[in-house]
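A look at the structure
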Amino acid sequence: MYLCFRYDDYNFYNETLSLQDRTVCAPKEITGVNRTVFRDNAAELVKNMSVEAVRNGGFYAGFVDRHNVTVHGLAQCWETLNRSGCVECLSKASVRIGSCLVNEEGRVLSAGCYMRFSTQKFYNNSGNST
């Protein structure tokens, strides 16, 4: 059963952000010599996700694997957004998720899009790598 927090007369098309948007960082941080590599890989992946999802109709799943440190990620715009709304939403999500780059996982849940990265592969496709 799905519960909808929107009302029938509420126009949510092209809404990219709302007061309910959330950034969630995993409680555990990356430590040791891999911390800097992980942060750099996660930052590169976040940049890739925000660009490639727009190019790919609002969806991207992939990973960055450099120096034996892999970061997996997924970004998606809701179908209610047009291209410019998707660009805006993912751009703001990539800034917000930046506060999580030293954590094992980060998520941004927005009115118009979703972005997540993790040390673990959580999506079910081959993904694209960098």
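Residues numbered from 1 in each chain as written. Predicted model: local features only at pLDDT ≥ 70, side-chain atom pairs only at ≥ 80, totals over all residues. Heavy atoms only, no water.

Applying the stated criterion to the full structure yields eight salt bridges. Salt-bridge contacts for lysine 28 lead to glutamate 104; the nearest nitrogen and oxygen are separated by 3.8 Å. Separated by 76 residues along the polypeptide, lysine 28 in the loop between β1 (22-25) and α1 (34-55) and glutamate 104 in the loop between α2 (83-97) and β4 (105-109) bring together distant segments of the chain. The exposure class assigned to glutamate 104 is partly exposed, which follows from its relative accessible area of 26%. One salt bridge in this structure joins glutamate 52 and arginine 55, with 2.9 Å as the shortest N-O distance. Of this pair, glutamate 52 and arginine 55 both sit in helix α1, separated by three residues, roughly a single helical turn. Exposure remark for arginine 55: the relative accessible area of 59% places this residue in the exposed category. Beyond isolated ion pairs, a larger network of salt bridges with shared partners links Glu105, Arg107 and Arg116. (Salt bridge = Lys/Arg side-chain N within 4 Å of Asp/Glu carboxyl O. Helix = DSSP H or I, 4+ residues; strand = E, 2+ residues; numbered from the N terminus. Buried < 20%, exposed > 50% of the residue type's maximum accessible area, 1.4 Å probe, protein only.)

Looking now at unusual backbone geometry. For histidine 67, which is not glycine, the phi torsion reads 55° and is therefore positive. By the secondary structure assignment, histidine 67 is in the loop between β2 (59-66) and β3 (69-77). Positioned with a positive phi, asparagine 68 is a non-glycine residue whose angle comes to about 60°. Relative to the assigned elements, asparagine 68 resides in the loop between β2 and β3.

The subject of this paragraph is the packing of aromatic side chains. One pass over the structure, following the stated rule, counts two aromatic pairs. With a centroid separation of 6.2 Å and 55° between ring planes, the pair formed by phenylalanine 38 and phenylalanine 117 is classed as tilted. Taken together, the residues phenylalanine 38 in helix α1 and phenylalanine 117 in strand β5 (residues 113-118) connect sequence positions 79 residues apart. Take phenylalanine 38 and phenylalanine 117: they sit in the same class, and that class is buried. (Phe/Tyr/Trp six-rings, centres within 6.5 Å; stacked < 30°, edge-to-face > 60°.)

On to the packing of α1 against α2, then. The interhelical angle for the contact between α1 and α2, taken along N-to-C directions, is 170°, at an axis separation of 9 Å. By the criterion of interaxial angle, the relationship of α1 to α2 is roughly antiparallel. Every residue of α2 that contacts α1 at Val46, Met49, Ser50, Ala53 and Val54 is listed here: Arg83, Cys86, Val87, Leu90, Ser94 and Ile97. Tallied by class, residues from the contact of α1 with α2 come to eight nonpolar, two polar and one charged. (Axes fitted to C-alpha atoms, helices over the stretch in contact; angles between N-to-C directions. Parallel < 35°, antiparallel > 145°, perpendicular 65-115°, else oblique. Contact = heavy atoms within 4.5 Å. Nonpolar A, V, L, I, M, F, W, Y, C, P; charged D, E, K, R; others polar.)

With that out of the way, let us pick up the pairing of β4. Of the pairings in the sheet, the one linking β1 to β4 comprises four bridges and is antiparallel in character. What sits directly across from threonine 23, in β4, is valine 108. Examined bridge by bridge, β4 and β5 share five bridges and lie antiparallel to one another. Within β5, the position partnered with arginine 107 by the bridge is arginine 116. (Pairing = 2+ DSSP bridges.)

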